[in-house]
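Each chain, letter by letter, is given below.
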Amino acid sequence: VTFLGDPAGSFKQKIKLPTKADPDYRVFAQDAGGICPSGIKFSISNHPNAFEVEPNDTPATATAVAFPAAFNGVIEKVGDVDCFKFHGVKGAFDVRCIARKQGSPLDPIMTLSLAGAGNVASNDDSGGPDSYFRVNLDDKDYILTISDHLKKGGPDYTYRVEFTPVQGSTFVQIPKVAQYSQERQVISVPKGNRFATLMTVQRRDLAGDLKLIAENLPAGISMHVDPILNGIDSMAVVFEASPQANVGGNLAEIKALPADTNVPCKTEFHTNAELTFGNPGQSIYWRFNMSKLGIAVTEESPYSIEV
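In this text, all values refer to a predicted model and were calculated from it rather than measured experimentally. (Residues numbered from 1 in each chain as written. Predicted model: local features only at pLDDT ≥ 70, side-chain atom pairs only at ≥ 80, totals over all residues. Heavy atoms only, no water.)

**Here's the deal with the sheet that holds strand S27 (residues 293–298)**
Right, so step 1: Reading across the sheet, the 4 strands line up as S18-S27-S23-S20 and stay open at both edges, with mixed pairing between neighbours. Edge positions in the sheet fall to strand S18 (187–190) and strand S20 (210–215), since each of these pairs with one other strand and no more. With strand direction ignored, the average angle separating the axes of adjacent strands in the sheet is 30°.
Right, so step 2: Here S18 runs beside S27; their pairing, made up of 4 bridges, is parallel. Note that in S27 the partner of Ile187 across the bridge is Ile295. (Pairing = 2+ DSSP bridges. Helix = DSSP H or I, 4+ residues; strand = E, 2+ residues; numbered from the N terminus. Axes fitted to C-alpha atoms, helices over the stretch in contact; angles between N-to-C directions.)

See the structure below:
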């Protein structure tokens, strides 16, 4: 990895990647003087990588890529345009240009066209500066073009474009009970007792019943929840700790998966910690997204409730 921006100049460092994709993975610059306390977002996926080769400012000079692949490059100077040429695979794909999300100053415009013909899809901003569109590819040649909205550029104007086959997905979270608070966003279960919470699930490109599962729960804790029927988007979840459970905690993975195990599905869990906020309008200046749920066994409660 080449790190840019150090007053002493850029430098390279070898890093060891985790064994599986982690949406929160970051790399930390370090040298003989120490390690940077703030990590840099680093995207990991199973896509093979393809890198632009200059000059590739026009469809005639486009970098040829063996598809499927992730398209990587840098809009390295003012007015720069990057073009890639590839042969499509028939199917529906979500196409995302990842730039600002990873800290790049690039405000990308992404366009897909048939080689020698008109545009198929194009996007500037999609819920933020980065670009996204969904497209149906055929067994034909395509040109993918990336540029900056204001025609700017520089050595750190990096981007990455991923074509992901469309499939169903679920998004699970615990509703907030107070603004800018972590109240009830973690699970604390007294020994021999229970803790109840509400969870919500959003479906994308998916229908049918779901099941909620928890992985890496602390020893002695079990989770109880009814099946999530089609059309239902919230459910009561009860965590129970045995009287013999040891005090301690884990970061558990919460997943909402189709009851039909033959249906492919991506699943995510998120809880947000708003760390820095203020005026104007209680703007959030810094937040951290947790993809796992903190669950702990605590000491016995000095009281009990019967309903």
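Continuing now.
**Here's the deal with the sheet that holds strand S24 (residues 265–269)**
Right, so step 1: Across the sheet, 5 strands lie side by side as S21-S22-S19-S17-S24; this open sheet has mixed pairing. Looking at which strands have only one partner, the edges of the open sheet turn out to be strand S21 (221–224) and S24. Neighbour-to-neighbour, the strand axes of this sheet turn through a mean angle of 25°, independent of strand direction.
Right, so step 2: When strand S19 (residues 194–204) meets strand S22 (residues 234–241), the two strands line up antiparallel, connected through 7 bridges. The partner of Met199 across the bridge, within S22, is Met235.

**A closer look at the pattern of salt bridges**
Opposite charge on two side chains permits pairing when their charged atoms draw close.
Right, so step 1: Going through the model one piece at a time under the given rule, you end up with 9 salt bridges.
Right, so step 2: Across the pair Arg134 and Asp94 runs a salt bridge whose closest N-O atoms are separated by 2.8 Å. Of this pair, Arg134 sits in strand S14 (residues 131–137) while Asp94 is found in strand S11 (residues 91–98), placing the two residues 40 residues apart along the sequence.
Right, so step 3: The exposure class of Asp94 is buried, given its relative accessible area of 8%.
Right, so step 4: A salt bridge links Arg160 to Glu162, with the nearest nitrogen and oxygen atoms 2.7 Å apart.
Right, so step 5: The class for Glu162 is buried, based on a relative accessible area of 12%.
Right, so step 6: Salt bridges sharing common partners tie together Asp94, Arg134 and Asp205. (Salt bridge = Lys/Arg side-chain N within 4 Å of Asp/Glu carboxyl O. Buried < 20%, exposed > 50% of the residue type's maximum accessible area, 1.4 Å probe, protein only.)

In short, the description is geometric, and any link to function would need to be established separately.
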